[in-house]
Amino acid sequence: MSEKLFDDLNTFNHLAKEIILDCNKKGISKKVKPTDLLKKFGIELNNSGISDNHLKEILKEIALHTPKTSGKLFFNQLFGGVNSKAVLGDLLAVLLNNSMATYKIAGPMVELEREILRKVAHLISYPNTFGGTMPTGGSMSNFMALVVARDKKRPKTIQDGNTDRLVFYTSENSHYSIGKNASFCGIGRDNVRYIDTNEKGEMISEKLSHTIQSDIKNGFIPFFVNATLGTTVMGATDPINKIHKICKNHNIWLHVDGAFAGSVIFSKKHKHLIKGIQHSDSFCFNPHKTLGTPLSTSVFLVKNKKDLYNSFSHKADYLYQTDDNDYNLGQFSFECGRRNNALKFWTLWKSFGTEGISEMVDQNYILASFARDYIRSNSNYTLYSFEGSLSICFNYKNIDPKLLCTELYNNNKLMVGYGKHKENEFVRLVSINRENTKEDILNFFKVLEEFTENNL
Ligand SMILES: Cc1ncc(COP(=O)(O)O)c(C=O)c1O
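Residues numbered from 1 in each chain as written. Predicted model: local features only at pLDDT ≥ 70, side-chain atom pairs only at ≥ 80, totals over all residues.

**Notes on helix H10 (residues 205-217)**
Line of reasoning, step 1. Its 13 residues place the ends of H10 19 Å apart at the C-alpha level, agreeing with the 18 Å of an ideal helix rising 1.5 Å per residue.
Line of reasoning, step 2. Looking at the buried positions of H10, the neighbouring elements they touch are strand E3 (166-171), strand E4 (192-195), strand E5 (221-228) and helix H11 (240-250).
Line of reasoning, step 3. Downstream of H10 by a residue or two, Gly219 has a phi angle that is positive, lying close to 90°. (Helix = DSSP H or I, 4+ residues; strand = E, 2+ residues; numbered from the N terminus. Expected span 1.5 Å × (residues − 1). Contact = placed C-beta atoms within 7 Å.)

Okay, structure coming up:
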């Protein structure tokens, strides 16, 4: 490694200090007009290079104006705040720069990933036949689940492509990756059936059953149902047990997309939310959403390792030259040069233990409940959320939620988004930053109320 790396790491440390102090002091970045960016920060790339000092100054300005997703005023996305131990692990992963394809190039990192998969499989009571990988996020995990289910139903697809009338099912509230993935794996977006949800946002299992039966009558081949554990807007959980029974009757693959709220598998208090998860054929969750590992960290498990291998293994003599396939993780993943996403999550898990992670998860639910109580106790608010959700959806004084969220952002006050369920549009506050306290939640409401008073 170049000795120059020491200088650049010193620069990194210096910048890191500035970023952390700025984040803690301001909690939000000043919005910059997108069309001003190129000139304002010297982003333009030129023929000649620049000095180290100049580069450092430019990096600092860009970093300080980048949205602070770890700030106490960021509630916009389903991630927020980073765990310092996970950051340590991820920085090491960058420095070591392995690809997780083979044991030869990743060494002990392979066993870190395998250990994570083993422990997650244990938490959801999968049998010893389980297999898994750590893809680039929830969308990719969902994609892999769809491919494995398709190949299980029609193994000839792997060689010949899909020529059957395959259809699959997901709730109207599921993540958009489910619909998008349909085209990537040759099923087609018109062959996705969106099942109605109830007022909480949970899939209505009777509607699912009815739609499947009607499809079968019409000559379609149902092969996959996606049940969501924590829908993106409402944070609702589909009835996994009921859906499992329907899937079993029709020999359909059941995938549980826990990208958002799947970390609840660590919690003893909220175990009821994952009832029936052991019956699923595959499961994913994103530690980068609720546990504070840097983007992206996703864990994808299948009940039967053979299914994952059948879909994702391929001959490549130039790559797989040593060791057992069980340790050559590229035979179970989409990518070849796959980033080491295991180390950051392993570092966090090793440092805090399963019990420590369980406390983090419970803290998210405590704060969600606290926020709902605040809203219920104040007549200026209307609440749309239910118990057991990490999304707190509400309106304030009947103000248009789009206007409110956009103005809060444009005026550098808060970052929070809006969503829709049925005919209601609302602000969506999310409780996912486990470093937040009740004071931070109260401050969120205070900033919103004061801004509204003075500006809307
Ligand atoms: C329920 C659900 N599934 C999948 C995803 C996609 O995850 P990723 O952003 O890691 O691709 C999200 C993201 O918000 C989600 O809420």
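**Let's talk about the site of the ligand**
Line of reasoning, step 1. The environment of the ligand is made up of 17 residues, and the closest members are Gly137, Gly138, Ser139, His175 and Ala259.
Line of reasoning, step 2. With 3 residues, the single largest contributor to the shell around the ligand is helix H7 (residues 138-153).
Line of reasoning, step 3. For the shell around the ligand, a count of residues per class yields 3 nonpolar, 13 polar and 1 charged. (Near = placed C-beta within 6 Å. Nonpolar A, V, L, I, M, F, W, Y, C, P; charged D, E, K, R; others polar.)

**Observations regarding the domain arrangement of the chain**
Line of reasoning, step 1. Split into domains, the chain comes out as domain 1 (4-68) and domain 2 (98-341).
Line of reasoning, step 2. Computed from C-alpha coordinates alone, the two centres of domain 1 and domain 2 are separated by 38 Å. (Domains from an automatic or database assignment.)

**Observations concerning the environment of Ser171**
Line of reasoning, step 1. One can find Ser171 in strand E3.
Line of reasoning, step 2. Its 28 C-beta neighbours within 10 Å are what place Ser171 among the buried residues.
Line of reasoning, step 3. With 24 residues separating them in the primary sequence, Ser171 and Ile195 have C-alpha atoms 4.5 Å apart.
Line of reasoning, step 4. Contacts of Ser171, omitting those with residues within four sequence positions, involve Tyr194, Ile195, Thr197, Met203, Thr228 and Asp238. (Buried ≥ 20, exposed ≤ 12 C-beta atoms within 10 Å, placed from the backbone.)

**A closer look at the sheet that holds E4**
Line of reasoning, step 1. Read from one edge to the other, the open sheet built from 7 strands follows the order E2-E8-E7-E6-E5-E3-E4, with strand pairing classed as mixed. Strand pairing shows two members of the sheet lacking a second neighbour, strand E2 (131-133) and E4, which therefore form its edges. Between one strand and the next, the sheet's axes are offset by a mean angle of 20°, whatever the strand orientation.
Line of reasoning, step 2. Here E5 runs beside strand E6 (residues 253-258); their pairing, made up of 5 bridges, is parallel. Its bridge partner being in E6, Val225 is matched across the sheet by Leu254.
Line of reasoning, step 3. The sheet contacts of H11 involve E5 and E6, and relative to E5 the element is tilted by about 170°. (Pairing = 2+ DSSP bridges. Axes fitted to C-alpha atoms, helices over the stretch in contact; angles between N-to-C directions.)

**Points about the packing of H10 against H11**
Line of reasoning, step 1. Two elements in contact, H10 and H11, have axes whose closest approach is 9 Å; the angle formed by their N-to-C orientations is 15°. Here H11 runs roughly parallel to H10, going by the angle between their axes. As H10 packs across H11, the resulting crossing turns out to be right-handed. Between H10, through Ser205, Leu208, Ser209 and Ile212, and H11, the contact on the second element is made entirely by Lys242, Ile243, Ile246 and His250.
Line of reasoning, step 2. Its residues assigned to classes, the contact of H10 with H11 comprises 4 nonpolar, 3 polar and 1 charged. (Parallel < 35°, antiparallel > 145°, perpendicular 65-115°, else oblique. Left-handed = near helix turned anticlockwise from the far one by under 90°.)

**Some details on the environment of Leu301**
Line of reasoning, step 1. Inspection of the secondary structure puts Leu301 in strand E8 (residues 299-302).
Line of reasoning, step 2. With 26 C-beta atoms packed within 10 Å, Leu301 lands in the buried category.
Line of reasoning, step 3. Distance in space between the C-alpha atoms of Leu301 and Thr129 is 11 Å, their sequence separation being 172 residues.
Line of reasoning, step 4. Other than its neighbours up to four places away in sequence, Leu301 contacts Leu117, Val120, Ala121, Tyr126, Phe130, Gly132, Ser282 and Phe283.

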